[in-house]
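Structure at a glance
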Amino acid sequence: MTHIDAGAELDPVHPVPLPDPATGPATGLSAAEVAERVARGEVNDVPVRSSRSLSEIVRANVFTRFNAIIGVLWLIMLFVAPFQDSLFGYVIIANTGIGIIQEWRAKQTLDSLAVIGEARPTVRRAGIAQAISTSEIVLGDLIEIGPGDKIVVDGECVEADGLEIDESLLTGEADPVVKHPGDQVMSGSFVVAGGGAFTATKVGREAYAAQLAEEASRFTLVHSELRTGISTILKYVTWMMIPTAIGLVISQLVVKGHDFKDAVARTVGGIVPMVPEGLVLLTSVAFAIGVIRLGRQQCLVQELPAIEGLARIDTVCLDKTGTLTEGGMDVTELRPLQGADESYVRRVLGALGESDPRPNASLQAIIDAYPDSEEWRCTESLPFSSARKYSGASFSEGDGDNSTWLLGAPDVLLAAGDTALAETERLNEAGLRVLLLARTSKDLDDPEVKAAARPTALVVLEQRLRPDAADTLRYFAEQDVKAKVISGDNAVSVGAVAGKLGLVGETVDARRLPAEQREMALALDEGTVFGRVTPQQKRDMVGALQSNGHTVAMTGDGVNDVLALKDADIGVSMGSGSEATRAVAQIVLLNNSFATLPSVVAEGRRVIGNITRVATLFLVKTVYSVLLAVLVVCWQVEYPFLPRHLTLLSTLTIGIPAFFLALAPNKERAKPHFVRRVMRYSIPGGVVAAIATFVTYLIARHSYTGKGALGAETSAATLTLFLISMWVLAIIARPYTWWRVLLVASMGAAFLVVLVVPGLQHFFALKLVGVTMPWVAVGIAAVAAVALEFLWKWVDRRFPA
């Protein structure tokens, strides 16, 4: 039984005893207390998942508007027509099955990657710190936090050592909030400086930002221009289908007064091809296969449209540390200033390293180079913050003296014109990072602490360049994507690093950037490397670039990158980055390799470019189907096709080719206005196909008479429509490669086999009668092909993409 001290403070919602800071460091829950809470269901059971569940996948692929339309028509055909005329229903079943299987494979890939990239908060239980899964946290757990850690549940702070928490993602307030024991901490916020521990007071769905956290790390199929565009197209298709289908039904069943079953079959034959049923499937399959391909490269796509979004970017903002350079650093030189004793400076640096329980990369290099002096005792510390650019500590030295020290950016700690800055500038120009050690006579909490700083030594650090960074920057330059290096480090030093990687352009100190958005956007267009950028400035810079019409990707791994990552069109985080950056990024590079980004861009371009191609194929069919139905109603004639004819044409000229084209390599840069780009080809292509086919049909009606005339007329019209559809396919397949030519030729050969094999002729009710009419059909198709070529070129000139 859990003992509750009479004086323990209780949370008003959950009666969890909160540790009393006065009694010393809290030890956390015991194993028995954890088991008791698990038994009561007081666990952090928010389902954080990377993808839709299997049932959601099945529902999304099966229960669609067009599946419902096709399903009803299929059931009708099963009762009134031969098996051949209901083939389209089996095609839909196969398509739906393929969609479910591919998305299930993508789900498995994402789920396995999500486990690798999952945050594991540190929980103190029975006095022992251990990393556990977020879902294993129970009510009353004592959770340790440090820079970059995301607050995963609501709680109350019980330990704080210079703890500063950014709550901007929840409140919109940009300034970090200093936390003291007894203060509330909210899930969804993150630590920017210092460290501490808090007791979980609300877990699971009761936590303030539980739903926000769940959505932030969930794989989704929504909010992309591609899918929104397809939805818009399908909406218009539905509205076109309804009146056209009604007119066709009346025309075939009432006006002509023919055999009921044959009239129904031809009515269904007119309605079915209006539905671009495979378009949504191919989009989902293309995205799913993209996720699987990227997953093999240890790239976690937390939001599916990120693949599409990164393909559309024209500007990529790169944080230097962790992106262009590796996380680690090495101390290469120590330069005492103003006659300082080097051995004493080494002791100071060793003590400073020991004072921070969660050192950043710079301080870790100092710790590795200078061992701690055990005689020195830290009495107060000021953790490093990217906003102020320095850290500090006060010590009681072994001989009884007391001293206070600052360690940070020389150009922040020193006044302009200080002699030490000239030396710093020379080192920065060589691409080295320089920190200033300064002694101050003020207390650390004094607002004027840095004004009293006296320079004591320069610590020279060398950063390790990523071996793949130069090639990646070269790739972006070749793809006309502008790279902007945005760093909190000294501008000259960052510029030197960028220069070593082959990135040329103006280097700018961000402290001189204009605050007004329009002016900032102009300055950002001119510059390439920006140093001394604050976290809020990073966010403002992303916004300024977006306001100037740029599509912006932001990469980073530090807590100072979170706000910019959240606001960028695409946020990319390193797998080794802070928990907060991984939570807000759409793409996480689990292998920490910047070189993976070109693969993501290429995958997005493949998906967008290819879906644009195949969407044109599908919508040409929709346009000619609607127009043919309108012409049939206006001329009061039988609909020329049975469902089996259009199933054959759709399979050979759209279904099979579209599948291969959708998965083919495509390096074309993604362009906006998907709907306009697709419709500008689909409408003229569909109109030409419909008019040419209907002209052939009308001529055939005058050429053939007697029994079997309708079958001959249908065969001639089918030949014309097939040849025109093949020409549309040939245009869409450009530029030609050996396999594209083989693909088009194979489809033509398959149709030829149907025409010459008696069994297939009978099965598909296709038999060319005589010599004159088939050649007339070929001639009309040839004229239509010439018209298509002319229209395609005219559209490119008249309506450029």
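Once that is clear, we can look at the overall build of the chain. Within the chain, the regular secondary structure consists of 27 helices and 23 strands. Taking the principal axes of its C-alpha atoms as reference, the chain extends roughly 120 × 65 × 40 Å. Out of the 801 residues belonging to the chain, those deemed buried represent 56%. Of the roughly 32,900 Å² of accessible surface on the chain, 59% is carried by carbon and sulfur atoms. Here the chain contributes 71 positively and 86 negatively charged side chains, and the mean placements of these two sets differ by 14 Å.

In this section: helix α17 (residues 517-526). All buried positions along α17 are accounted for by M520, A521 and L524. Down the axis, α17 shows its buried residues gathered within 105° of arc, on one side only. Exposed residues lying more than 90 degrees from the buried face of α17 are R518, L522 and E526. Looking at the packing, one finds that the buried side of α17 touches β18 (482-486), β20 (527-531) and α18 (535-547). One side-chain oxygen at the N-terminal end of α17 lies 3.1 Å from the backbone nitrogen of R518; it belongs to E516.

This paragraph deals with the nonpolar core. Note on soluble globular proteins: their nonpolar side chains tend to be buried together. Core analysis: the biggest nonpolar cluster contains 90 residues, and F88, I611, V614, L617, F674 and F751 have the highest contact counts within it. Looking at which element gives the most residues to this core, the answer is helix α21 (residues 597-635), with 14 residues. Ignoring anything within four residues of it in the chain, the contact list for F751 reads L648, L649, L652, T718, L719, F722 and L766. Within the second largest apolar cluster, 38 residues are counted, among which are I292, C299, L473 and F594.

Another aspect to go through is empty space enclosed by the protein. Taken as a whole and judged by the stated rule, the model has 2 cavities of 30 Å³ or more. By volume, the largest cavity amounts to about 50 Å³. Every residue lining the largest cavity is listed: L617, V620, K621, Y624, T653, I654, S725 and V728. Among the elements of the structure, α21, α22 (643-662) and α24 (709-732) are those that each provide at least two residues to the lining of the largest cavity. Counting residues per element, the lining of the largest cavity draws most heavily on α21, at 4 residues. Its residues assigned to classes, the lining of the largest cavity comprises 5 nonpolar, 2 polar and 1 charged.

Next up on the list: the sheet that holds strand β22 (residues 570-574). Spatially, the 8 strands line up as an open sheet ordered β10-β23-β22-β21-β11-β18-β20-β19, and their pairing is mixed. Both outer strands of the open sheet, β10 (299-301) and β19 (506-509), are each paired with one neighbouring strand and no more. Averaged over all pairs of adjacent strands, the angle between their axes in this sheet comes to 20°, without regard to strand direction. Across 3 bridges, the pairing between β22 and strand β23 (residues 587-589) is parallel. Note on β23: the bridge partner recorded for M574 is L589. Running at roughly 105° to β22, helix α10 (residues 305-312) makes contact with β10, β21 (552-556), β22 and β23 of the sheet.

Let us now look at the confidence of the model for the chain. Scored by pLDDT, the chain has a mean of 82; 91% of the residues are at 70 or more. When pLDDT is averaged over each helix and strand of the chain, the minimum, 36, is found for strand β1 (residues 9-10) and the maximum, 95, for helix α25 (residues 738-756). Below pLDDT 50 for its whole length, residues 1-24 participates in 32 contacts with residues either more than four positions away or in separate chains. Low pLDDT, under 50, characterises residues 212-222; the predicted model gives this stretch 35 contacts beyond four residues in sequence or across chains.

On to a negative patch on the surface, then. The grouping of E354, D372, E374 and E375 at the surface amounts to a negative patch. Looking at the secondary structure, you find E374 in the loop between α12 (361-369) and β13 (377-385).

Quick look at the packing of aromatic side chains now. Scanning the entire structure with this criterion turns up 13 aromatic pairs. A ring pair is formed by Y344 and W376, whose centres lie 5.7 Å apart and whose planes are at 50°; its orientation type is tilted. With Y344 in helix α11 (residues 342-355) and W376 in the loop between α12 and β13, this pair connects stretches of sequence that are 32 residues apart. There is no split in this pair, since Y344 and W376 are both buried.

The next point concerns the side chain of D509. Summarising the element assignment, D509 is placed in strand β19. With a relative accessible area of 13%, D509 lands in the buried category. Separated by 2.9 Å, the side chains of D509 and R511 make a polar contact. Those residues in contact with D509 that sit more than four places away from it in its chain are A491, G531 and R532.

Here we come to the pairing of β21. For β21, a buried count of 5 out of 5 residues is recorded, marking the element as mostly surrounded by other parts of the structure. Residues V552, M554 and G556 line one face of β21 and the alternating positions A553 and T555 line the opposite face, and both faces are buried. Note: strand β11 (residues 315-318) against β21, 4 bridges, orientation parallel. Counterpart to C317 in the pairing with β21 is M554. Strand direction decides the pairing type here: β21 and β22, joined by 4 bridges, are parallel. Bridge pairing in β22 places T555 opposite V572.

Taken together, the side chains of W239, I242, I246, V249, I250, L253, V254 and F260 make up a nonpolar region of the molecular surface, amounting to roughly 800 Å² of accessible area. Secondary-structure assignment places I250 in helix α7 (residues 225-255).

This next bit is on the packing of helix α3 (residues 65-80) against helix α8 (residues 260-271). The interhelical angle for the contact between α3 and α8, taken along N-to-C directions, is 150°, at an axis separation of 10 Å. Considered as vectors, α3 and α8 are oriented roughly antiparallel to each other. In the packing of α3 onto α8, the handedness of the crossing is left-handed. Along its contact with α3, which presents L73, I76, M77, F79 and V80, the element α8 presents K261, V264, A265, V268 and I271. Broken down by class, the residue content of the contact of α3 with α8 amounts to 9 nonpolar, no polar and 1 charged.

A few words on the pairing of β19. Relative to β20, β19 runs parallel, the two being bridged by 4 bridges. Bridge pairing in β20 links D509 to G531.

Bringing the environment of A306 into the picture now. Summarising the element assignment, A306 is placed in helix α10. For A306, a relative accessible area of 2% gives the class buried. Along the primary structure A306 and T693 are separated by 387 residues, whereas in three dimensions their C-alpha atoms are 42 Å apart. In this structure, A306 is in contact with V301, I570, Q586 and I587, ignoring residues within four places of it in sequence.

Under the definition given, this model contains 28 salt bridges. When the shortest N-O distance is used, the salt bridge between R312 and E308 registers 2.9 Å. Taken as a pair, R312 and E308 lie in helix α10 at a separation of 4 residues, close to a single helical turn. Under the relative-accessibility criterion, R312 is labelled buried at 14%. Between R532 and D411 there is a salt bridge whose closest N-O contact spans 2.8 Å. One end of the pair, R532, is in the loop between β20 and α18; the other, D411, is in helix α13 (residues 410-413), with 121 residues separating them in the sequence. A relative accessible area of 19% means that D411 is categorised as buried. One continuous salt-bridge network, built from bridges that share partners, spans D411, D509, R511, R512 and R532.

How each quantity is defined
Residues numbered from 1 in each chain as written. Predicted model: local features only at pLDDT ≥ 70, side-chain atom pairs only at ≥ 80, totals over all residues. Heavy atoms only, no water. Helix = DSSP H or I, 4+ residues; strand = E, 2+ residues; numbered from the N terminus. Buried < 20%, exposed > 50% of the residue type's maximum accessible area, 1.4 Å probe, protein only. Areas by Shrake-Rupley, 256 points an atom, 1.4 Å probe, with all protein chains shown as cover. Lys, Arg positive; Asp, Glu negative; His and termini not counted. Charge placed at Lys NZ, Arg CZ, Asp CG, Glu CD. Arc of directions from axis to C-beta. Contact = heavy atoms within 4.5 Å. Polar contact = N/O pair within 3.5 Å; in protein donor to acceptor, adjacent residues only side chain to side chain. Core = buried A, V, L, I, M, F, W, Y, C linked by side-chain atoms within 4.5 Å. 1 Å grid on protein atoms, 1.4 Å probe; cavity = no way out; pocket = protein on both sides within 12 Å on 5 of 7 lines; lining within 4 Å. Points joined across faces, edges and corners; volume = space filled by probe spheres on them. Nonpolar A, V, L, I, M, F, W, Y, C, P; charged D, E, K, R; others polar. Pairing = 2+ DSSP bridges. Axes fitted to C-alpha atoms, helices over the stretch in contact; angles between N-to-C directions. pLDDT = per-residue confidence, 0-100. Patch = residues over 30% accessible without salt bridge, like charges linked within 9 Å, V, L, I, M, F, W, Y side chains within 5 Å. Salt bridge = Lys/Arg side-chain N within 4 Å of Asp/Glu carboxyl O. Phe/Tyr/Trp six-rings, centres within 6.5 Å; stacked < 30°, edge-to-face > 60°. Parallel < 35°, antiparallel > 145°, perpendicular 65-115°, else oblique. Left-handed = near helix turned anticlockwise from the far one by under 90°.

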